[in-house]
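Working through the structure, step by step
Here are the chains, one letter per residue:
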Amino acid sequence: MKLDPVSLRLFVAVMEENTIAAAAAREHLAASAVSRRLADLEEALRVALFTRSNKGTEPTAAAFALLNLARGVLNDLDGIATQMREYGTGVRGHVRVVANISAITQFLPAQLQSFLAQHPQVDVRLQEQISSAIAHSVAENAADVGILNEGHYGERVALLPYRTDELVLVVPTGHALARRKSVRLADALPFDFVGAHPNSAINNQLTRAASEAGLPLRLRMQVTSYDALCLMVNAGLGVGVLPRGSAALYQGTLAIRTITLNEPWAQRRLALCVRSEESLSSVARLLVEHLRAQPPVPSP
């Protein structure tokens, strides 16, 4: 059996765009040509990938099974082409990394700097995502390595121990809680909160903890970065929760204070996320080993 990469790419396009016409427009082909490629692919695989009716096409269970396999094959082919081009320009490997903001602000700057100093011919591409999206990206082969909050993300990914961090309460210097050395979350819940990403691990944890305390979470606003969160707290628009190492980056320039959260969930574990250790490329394995070997000291 010979599978045509072009047909696989068109199949993925149809699955992602939901219609043959949209996939054809995306790939700059006639819809009839895409339809013919799909029929050839079904014939080669000896399985129906779509049910066809006057209302259009609907993917079968086989189509959804093939989708992840096709993405993996196409990514491997793209990786071959990319790495060969990179050999010509002196870059001899690339690693796609997705990480949550906690890892990016506390640990990764120094770790990536030292890794790239040791391996200047490796290209590391980093993107920020929330933890649930990170696990999905790694499982779908859209990323090689992820860094996320430890949790349950299904059987399609493996988690490796990475680092620990601590969540703290951040308040303006003139706030009623500012002189406290430690607080329970219940002490802060009467005040407005500035939250992080919707569906972020911290926001989800705050919602759960507030519910368990029988008090509402007064989430006044949500922002997409820790610097924006600290600026809003500095302006007196609410209090916030973020990792101690991340908050330390802004304490010297903003009128904010950090207060220890006397809660068991404030101590968190971060993990490296991979499809499997065996599936890692040589350069991705080098990066994973480097990240795990570095001392757990947050960036200053």
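As the structure is a prediction and not an experimental result, all values here were calculated from the model. (Residues numbered from 1 in each chain as written. Predicted model: local features only at pLDDT ≥ 70, side-chain atom pairs only at ≥ 80, totals over all residues. Heavy atoms only, no water.)

1. Quick notes on the overall build of the protein
For the protein, the helix and strand inventory stands at twelve helices and twelve strands. When the backbone C-alpha atoms are referred to their principal axes, the protein occupies close to 70 × 50 × 30 Å. Burial statistics for the protein: of 300 residues in total, 44% are counted as buried. For the protein, the share of sequence-separated contacts (at least 6 apart) that also reach a separation of at least 24 residues comes to 72%. Here the protein has roughly 15,400 Å² of accessible surface; of this, 54% comes from carbon and sulfur atoms. Taking the 29 positively charged and 27 negatively charged side chains of the protein as two groups, their mean positions are separated by 4 Å. (Helix = DSSP H or I, 4+ residues; strand = E, 2+ residues; numbered from the N terminus. Buried < 20%, exposed > 50% of the residue type's maximum accessible area, 1.4 Å probe, protein only. Contact = heavy atoms within 4.5 Å. Areas by Shrake-Rupley, 256 points an atom, 1.4 Å probe, with all protein chains shown as cover. Lys, Arg positive; Asp, Glu negative; His and termini not counted. Charge placed at Lys NZ, Arg CZ, Asp CG, Glu CD.)

2. Some points on the confidence of the model for the protein
The pLDDT averaged across the protein works out to 89; a share of 94% of its residues lies at or above 70. Mean pLDDT in the protein bottoms out at helix α4 (residues 61–89), which sits at 80, and peaks at strand β11 (residues 256–261), which reaches 97. Contacts of residues 296–300 to residues separated by more than four positions or lying in other chains number twelve contacts, the stretch itself having pLDDT below 50. (pLDDT = per-residue confidence, 0-100.)

3. Focus on the pattern of salt bridges
Scanning the model with the defined rule gives 19 salt bridges in all. Notably, a salt bridge pairs glutamate 42 with arginine 52, separated by 3.0 Å at the nearest N-O pair. Of this pair, glutamate 42 sits in helix α3 (residues 31–45) while arginine 52 sits in strand β1 (residues 50–53), placing them ten residues apart in sequence. Looking at glutamate 42, the relative accessible area reads 12%, which means it is buried. Glutamate 140 is paired through a salt bridge with arginine 71; the nearest N and O atoms lie 2.8 Å apart. (Salt bridge = Lys/Arg side-chain N within 4 Å of Asp/Glu carboxyl O.)

4. Let's talk about helix α7 (residues 131–139)
One full turn of an α-helix is made of 3.6 residues, so residues set three or four places apart face in the same direction. Within the span of α7, buried status applies to Ser131, Ile134, Ala135, Ser137, Val138 and Ala139. On its buried side, α7 packs onto β3 (93–99), β5 (145–149) and β12 (267–274). Asparagine 141 lies just past α7 and shows a positive phi near 65°.

5. Examining the nonpolar core
The tendency in soluble globular proteins is for nonpolar side chains to be buried side by side. Ranked by internal contacts, the top residues of the largest apolar core, which has 34 residues, are Leu169, Phe193, Val241 and Leu261. Listing elements by their share of this core, those giving two or more residues are β6 (158–172), α8 (185–188), β8 (193–195), α9 (201–213), α10 (226–234), β10 (240–243), α11 (244–251) and β11. Per element, the largest residue contribution to this core is five residues, and it comes from β6. The contact partners of leucine 169, leaving out residues within four places of it in the chain, are Leu177, Val183, Ala188, Phe193, Val239, Gly240, Val241, Arg257, Thr258, Ile259 and Leu261. Ranked by size, the runner-up nonpolar core spans 23 residues in total, among them Val124, Val145, Ile147 and Leu270. (Core = buried A, V, L, I, M, F, W, Y, C linked by side-chain atoms within 4.5 Å.)

6. Considerations on the packing of helix α1 (residues 5–17) against helix α2 (residues 20–27)
When two helices pack together, their arrangement is captured by the angle between the axes and the distance separating the axes. Running from amino to carboxyl end, α1 crosses α2 at an angle of 125°, the nearest separation of the two axes being 8 Å. Relative to α2, the element α1 lies oblique. Crossing handedness for the pair α1 and α2: right-handed. In this structure, α1 uses Leu10, Ala13, Val14, Glu16 and Glu17 to contact α2, whose residues at the interface are Ile20, Ala22, Ala23, Arg26 and Glu27. Here the residues of the contact of α1 with α2 sort into six nonpolar, no polar and four charged. (Axes fitted to C-alpha atoms, helices over the stretch in contact; angles between N-to-C directions. Parallel < 35°, antiparallel > 145°, perpendicular 65-115°, else oblique. Left-handed = near helix turned anticlockwise from the far one by under 90°. Nonpolar A, V, L, I, M, F, W, Y, C, P; charged D, E, K, R; others polar.)

7. Details of the packing of helix α6 (residues 108–118) against helix α12 (residues 282–293)
Taken N-terminus to C-terminus, the directions of α6 and α12 make an angle of 130°; their axes are 10 Å apart at the nearest point. The angle between α6 and α12 falls in the class oblique. Every pair of crossing elements has a handedness; the one defined by α6 and α12 is right-handed. For the pair α6 and α12, contact is made by Leu108, Gln111, Leu112, Ser114, Phe115 and Gln118 and by Val283, Leu286, Leu287, His290 and Leu291, respectively. The residue makeup of the contact of α6 with α12, split by class, is seven nonpolar, four polar and no charged.

8. Here we look at a nonpolar patch on the surface
Side chains of Val73, Leu77 and Ile80 sit close together on the surface and give an oily, nonpolar patch of about 240 Å² of accessible area. As for its position among the elements, leucine 77 is in helix α4. Under the relative-accessibility criterion, leucine 77 is labelled partly exposed at 36%. (Patch = residues over 30% accessible without salt bridge, like charges linked within 9 Å, V, L, I, M, F, W, Y side chains within 5 Å.)

9. Points about unusual backbone geometry
We note that asparagine 18 has phi near 75°; this positive angle belongs to a residue other than glycine. Note that asparagine 18 resides in the loop between α1 and α2. At asparagine 141, a residue that is not glycine, the phi angle is positive and equals roughly 65°. Within the fold, asparagine 141 resides in the loop between α7 and β5.

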